[in-house]
Number of protein chains: 2
Amino acid sequence: MSDFSSFVCPAPLGAGDRILLGHGSGGTLSAELIRNLFLPLFRNPTLERLEDQAVLPVGGVRLAFTTDSFVVKPLFFRGGDIGSLAVHGTVNDLAMGGAMPLALSAAFIVEEGLPLETLGRIAESMAQAARAAGVEIVTGDTKVVEKGKGDGLFINTTGIGIVREGVSLSASAARPGDAVLVSGCLGDHGIAILAEREGLEFECPVASDSAALHTLVAAMLDASSEIRALRDPTRGGLSSTLNEIAGQSRVGIAIEDRAIPIREAVRGACELLGLDPLYVANEGKLVAIVAPEAAERVLAAMRSHPLGAGAARIGEVRQAYPGLVTLRTSLGTTRVVDMLSGDQLPRIC
Amino acid sequence: MSDFSSFVCPAPLGAGDRILLGHGSGGTLSAELIRNLFLPLFRNPTLERLEDQAVLPVGGVRLAFTTDSFVVKPLFFRGGDIGSLAVHGTVNDLAMGGAMPLALSAAFIVEEGLPLETLGRIAESMAQAARAAGVEIVTGDTKVVEKGKGDGLFINTTGIGIVREGVSLSASAARPGDAVLVSGCLGDHGIAILAEREGLEFECPVASDSAALHTLVAAMLDASSEIRALRDPTRGGLSSTLNEIAGQSRVGIAIEDRAIPIREAVRGACELLGLDPLYVANEGKLVAIVAPEAAERVLAAMRSHPLGAGAARIGEVRQAYPGLVTLRTSLGTTRVVDMLSGDQLPRIC
């Protein structure tokens, strides 16, 4: 998720305030920073759409353009590393706009003293991920900062892609009656990172779901032209993503706890650690808002794709309670699910 | 300068080797890293051109695409700050490919604890620089790292632009007989940063030359279609840039010490500090390689533009000594001017 895409909370920035870890969480503090600091300064219609990618007319096509820096800690984790994540994350931000990736840039900020072998392993992983996704890294940059002024390695990838003809996806386009779909089990990436960081061991180890979703999206768009919005629930998890859509579309979103696919190991880890899996980051999953008559067709297309095998219909868009996301629990009660507040797990991506 | 654009020095990366500050210098270590680590892994024809920007065919136009991260220290300096520099640097990398900027992305890596007011001032400076350059910041990202794991603020900007029809500039295109032009006094940016960092005071304070050069380039291209190559001599200075051109074009380049414009204050500071101004970074200057018959016309066009008022013809391209840059000193002797080796001034941009 591009951090400029989060939604609202207008509260003036106070003098003397300082940046907190939560400002990078993808939750309410991130949204405040965007709404109160960046948007008023950079104001332009493309940025104000608040999507995960800018879309610009270029020579008769619609060019998607998106950027993300990756500061994940540790650099290597079960299921990936900062390099593969940097490729997948930016390919996915293009894909969520209905674009096929055309090319990526890669910019490295390296801390003095990083073993060259580590940088080499990570660059190799990026190259592999890019090859697998069918996209080239065509330009780059390397900066080095003194020991103690960085943290091993930060990577920025910026991507350009061509938006598929006739497709127009937007977090503002959800309408009452639409179905809410997810492409598979939630929370794997966040728990994999946490396990690595804290040295946790599970009976069934959880691997990051980090993956490039553009071919899944292509299969979905082949199946129906009635997809309204796609988002990848990264920082801030499913809850923050649905809150963004509910806010931008001025609709309510109602989801069913029982319908949300979550691995037993992830659920267990979350219980143990006091985390809510609906706020845990994913890096190879998407949320789709789909017209009701097309929902089953799109769901079938998702399930036929290896990256959507665990897809599920988890709720619907409603007219009531615009801007709010509500969850019906397995006990039959209903509660409001807010955007992430503070920072549950820093440096997840 | 995009760090992937530096030239050569094939020597295998040794096991156990670690990243040094010099790997970010724009000199020989940067070139080694690119040649021996990134290029073999990311190998593709666009990247292998080793220009400051990738050029890709998109919908019937040629799209330029370039990335740079900025880690300059301190964040504010005479003549600019990390924000304006991040806009100018990327606009210039587009301009050196003959492209007018279309849009920029901006990605921030903020250290926990940075005053919001500081981030606000820098974002405002970016917005102003972008407005002045006629380019919009259309997409962005913010990440936060823990206190002690960053250094205030790092910014990545990535730019896209449209290459002017009929124009094809390349550091590989210099031919014997071509004139070597520079757009003005060299070394201002590096000395301004150093002065800020070390608390040096000069009688005539030196301000950074940080500026967006795309309108200067447009004026030059209006004047002649015989411009072969443009480069902005940032990290590694004039010497490293000319070495790249000499290497990529397999030609010799001979320059005249007396002809190179350098401010008295910069020359004095360099003498005092034991620096060679030919290696000091610039952020608002360009080097042009121009066919001999067009040289005076292009020089006149440069001098008619506010950012090229101090333009000068400093040498010529030769057949002899391919790959080498030679300097005729004011004493009449000639010496070889190498690419920057090690790191003269870290974190200049």
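Bear in mind that the values here come from a model prediction, so they are computed numbers and not experimental data. (Residues numbered from 1 in each chain as written. Chains lettered and ligands numbered in written order. Predicted model: local features only at pLDDT ≥ 70, side-chain atom pairs only at ≥ 80, totals over all residues. Heavy atoms only, no water.)

Q: Help me get a handle on the overall build of chain A, residues and values and all.
A: If you tally the helices and strands in chain A, you get 9 helices and 14 strands. Relative to the compact-globule value of 20 Å for 349 residues, chain A shows a C-alpha radius of gyration of 19 Å, a close match. The principal-axis extent of the C-alpha atoms belonging to chain A is close to 55 × 55 × 50 Å. The proportion of buried residues among the 349 residues of chain A is 65%. Sequence-distant contacts, at least 24 apart, represent 83% of the contacts inside chain A between residues at least 6 apart. Put simply, chain A has 30 plus and 40 minus side-chain charges, and the middle of one group is 4 Å from the middle of the other. (Helix = DSSP H or I, 4+ residues; strand = E, 2+ residues; numbered from the N terminus. Rg over C-alpha atoms; globule rule 2.2 N^0.38 Å. Buried < 20%, exposed > 50% of the residue type's maximum accessible area, 1.4 Å probe, protein only. Contact = heavy atoms within 4.5 Å. Lys, Arg positive; Asp, Glu negative; His and termini not counted. Charge placed at Lys NZ, Arg CZ, Asp CG, Glu CD.)

Q: Mind laying out helix α9 (residues 295-303) of chain A, listing which residues take part and the relevant values?
A: All names here are of chain A. Within α9, the full set of buried residues consists of A295, V298, L299, A301 and M302. An end-on view of α9 places all buried positions within 160 degrees of arc, on one side of the element. Against the buried residues of α9 lie β8 (179-182), α6 (214-223), β9 (227-231), β11 (287-290) and β12 (312-318). (Arc of directions from axis to C-beta.)

Q: Explain the interface of chain A and chain B residue by residue, including any values.
A: Contact residues are listed per partner, giving 82 residues for chain A and 82 residues for chain B. Scanning the region where chain A abuts chain B turns up 8 salt bridges. For B:K73, the salt bridge goes to A:E146, with nearest N and O atoms at 3.8 Å. On the surface where chain A and chain B come into contact, there are 23 residue pairs in polar contact (both at pLDDT 80 or more). Residue assignment for the side of chain A that touches chain B shows that the elements contributing at least two residues are α1 (28-42), α2 (45-48), β1 (54-58), β2 (61-70), β5 (99-111), α4 (116-133), β6 (136-145) and β7 (153-163) of chain A. Partitioned by chemical class, the residues of the side of chain A that touches chain B number 43 nonpolar, 21 polar and 18 charged. (Salt bridge = Lys/Arg side-chain N within 4 Å of Asp/Glu carboxyl O. Polar contact = N/O pair within 3.5 Å; in protein donor to acceptor, adjacent residues only side chain to side chain. Nonpolar A, V, L, I, M, F, W, Y, C, P; charged D, E, K, R; others polar.)

Q: Explain the pairing of strand β10 (residues 252-256) of chain A to me, using residue names and the numbers behind them.
A: Residues and elements named next belong to chain A. Burial analysis of β10 places 4 of its 5 residues in the buried class, the great majority of the element. Strand direction decides the pairing type here: β10 and β12, joined by 4 bridges, are antiparallel. When the sheet's bridge partners are listed, A254 is paired in β12 with E316. Bridging between β10 and strand β13 (residues 325-328) involves 4 bridges; their strand directions are parallel. Following the sheet pairing, I255 is matched in β13 by L327. (Pairing = 2+ DSSP bridges.)

Q: Explain a nonpolar patch on the surface residue by residue, including any values.
A: Among the surface-exposed residues, A:Y321, A:L324 and A:V336 lie close enough to one another that they form a single nonpolar patch of about 290 Å² accessible area. Tracing the backbone through its elements, the reader meets A:L324 in the loop between β12 and β13. (Patch = residues over 30% accessible without salt bridge, like charges linked within 9 Å, V, L, I, M, F, W, Y side chains within 5 Å. Areas by Shrake-Rupley, 256 points an atom, 1.4 Å probe, with all protein chains shown as cover.)

Q: Tell me about the pairing of strand β5 (residues 99-111) of chain B, and please be specific about residues and values.
A: Residues and elements named next belong to chain B. The buried fraction of β5 is high, at 11 of 13 residues. Examined bridge by bridge, β5 and strand β7 (residues 153-163) share 11 bridges and lie antiparallel to one another. Its bridge partner lying in β7, A99 is registered against V163. Pairing between β5 and strand β6 (residues 136-145): 9 bridges, direction parallel.

Q: Just give me the short version of the sheet that holds β6(A), but keep the residues and values in it.
A: All names here are of chain A. In space, the 5 strands of this open sheet follow the order β1-β2-β7-β5-β6, with mixed pairing throughout. Sheet topology places β1 and β6 at the edges, where each strand pairs with a single neighbour. For this sheet, the mean inter-axis angle between neighbouring strands, taken without regard to orientation, is 20 degrees. (Axes fitted to C-alpha atoms, helices over the stretch in contact; angles between N-to-C directions.)

Q: Just give me the short version of the packing of helix α6 (residues 214-223) of chain B against helix α9 (residues 295-303) of chain B, but keep the residues and values in it.
A: All names here are of chain B. It is at 9 Å that the axes of α6 and α9 come closest, and there the two elements cross at 145 degrees. In the packing of α6 onto α9, the handedness of the crossing is right-handed. Between α6 and α9, the residues in contact are L216, A219, M220 and A223 and R297, V298, A301 and M302, respectively. (Left-handed = near helix turned anticlockwise from the far one by under 90°.)

Q: Break down helix α8 (residues 264-273) of chain B for me, citing the residues and quoting the values.
A: In an α-helix, one turn spans 3.6 residues, which is why side chains three or four residues apart end up on the same side. Residue and element names in this part refer to chain B. All of the buried residues along α8 are V266, A269 and C270. All buried residues of α8 lie within an arc of 100 degrees about the axis, which places them on one face of the element. In this structure, α8 carries E264, E271 and L272 as exposed residues pointing more than 90 degrees from its buried face. Looking one or two places after α8, you find G274, whose phi comes out positive at around 70 degrees.

Q: Tell me about the packing of helix α3 (residues 82-95) of chain A against α4(A), and name the residues and values.
A: All names here are of chain A. With their axes 7 Å apart at the nearest point, α3 and α4 run at an angle of 35 degrees to one another. Seen along the crossing, α3 lies across α4 with a hand that is right-handed. Of the residues in α4, those in contact with I82, G83, S84, A86, V87 and H88 of α3 are I122, S125, M126, A129 and A130. Its residues assigned to classes, the contact of α3 with α4 comprises 7 nonpolar, 4 polar and no charged.

Q: Talk me through the domain arrangement of chain A; I want residue IDs and the actual numbers.
A: Often the size quoted for an interface is simply the accessible area lost on bringing the parts together. Residues and elements named next belong to chain A. Looking at chain A, the domain boundaries give domain 1 (49-163) and domain 2 (179-336). Here the C-alpha centre of domain 2 lies 23 Å away from the C-alpha centre of domain 1. Summed over both sides, the interface between domain 1 and domain 2 buries roughly 2,000 Å², with carbon and sulfur atoms accounting for 59% of that surface. Remark: the boundary between domain 1 and domain 2 carries 2 salt bridges. A salt bridge links R231 to D52; the shortest N-O distance between them is 3.7 Å. (Domains from an automatic or database assignment. Buried area = accessible area lost by both parts, 1.4 Å probe.)

Q: Account for the sheet that holds β11(A), with residues named and values stated.
A: All names here are of chain A. Pairing within the open sheet is mixed, and its 7 strands lie in the order β9-β11-β8-β12-β10-β13-β14. Edge positions in the sheet fall to β9 and β14 (334-336), since each has one partner strand and no second. Across the sheet, the mean angle separating the axes of adjacent strands is 25 degrees when strand polarity is ignored. Two strands pair when backbone bridges link them, and β13 and β14 are joined in this way by 3 bridges, in the antiparallel orientation. Within the sheet, the bridge partner assigned to R328 lies in β14 and is T334. The strands touched by α9 within the sheet are β8, β9, β11 and β12, with β8 carrying the most contacts at an inclination of about 5 degrees.

Q: Now, about the side chain of B:H305: what can you tell me, with residues and values included?
A: Residues and elements named next belong to chain B. Checked against the element boundaries, H305 lands in the loop between α9 and β12 (312-318). Looking at H305, its side chain comes within polar contact range of the main-chain nitrogen of L307, at 3.0 Å. Look past the residues within four positions of H305 in its chain and what remains in contact with it is T215, L216 and A219.

Q: Can you tell me about the environment of A:L331, naming the residues and giving the values?
A: All names here are of chain A. For L331, the location among the structural elements is in the loop between β13 and β14. The exposure class of L331 is exposed, given its relative accessible area of 78%. Expressed as a C-alpha distance, the spacing of L331 and R258, which sit 73 residues apart in the sequence, is 9.8 Å.

Q: I'd like a description of the pattern of salt bridges, backed by residues and values.
A: A side chain of one charge can pair with a side chain of the opposite charge when the charged atoms of the two come close. Going through the model one piece at a time under the given rule, you end up with 40 salt bridges over all chains. The residue A:E316 makes a salt bridge to A:R318 at a minimum N-O spacing of 3.1 Å. On the basis of relative accessibility, which here comes to 33%, the residue A:E316 falls in the partly exposed class. Between B:E146 and A:R347 there is a salt bridge whose closest N-O contact spans 2.6 Å. A residue pair is termed interchain when its members come from two chains, as with B:E146 in the loop between β6 and β7 and A:R347 in the segment after β14. No difference in accessibility class separates B:E146 from A:R347, as the two residues are buried. Three or more residues joined by partner-sharing salt bridges are found here, namely A:E51, A:D52, A:R231 and A:E244.

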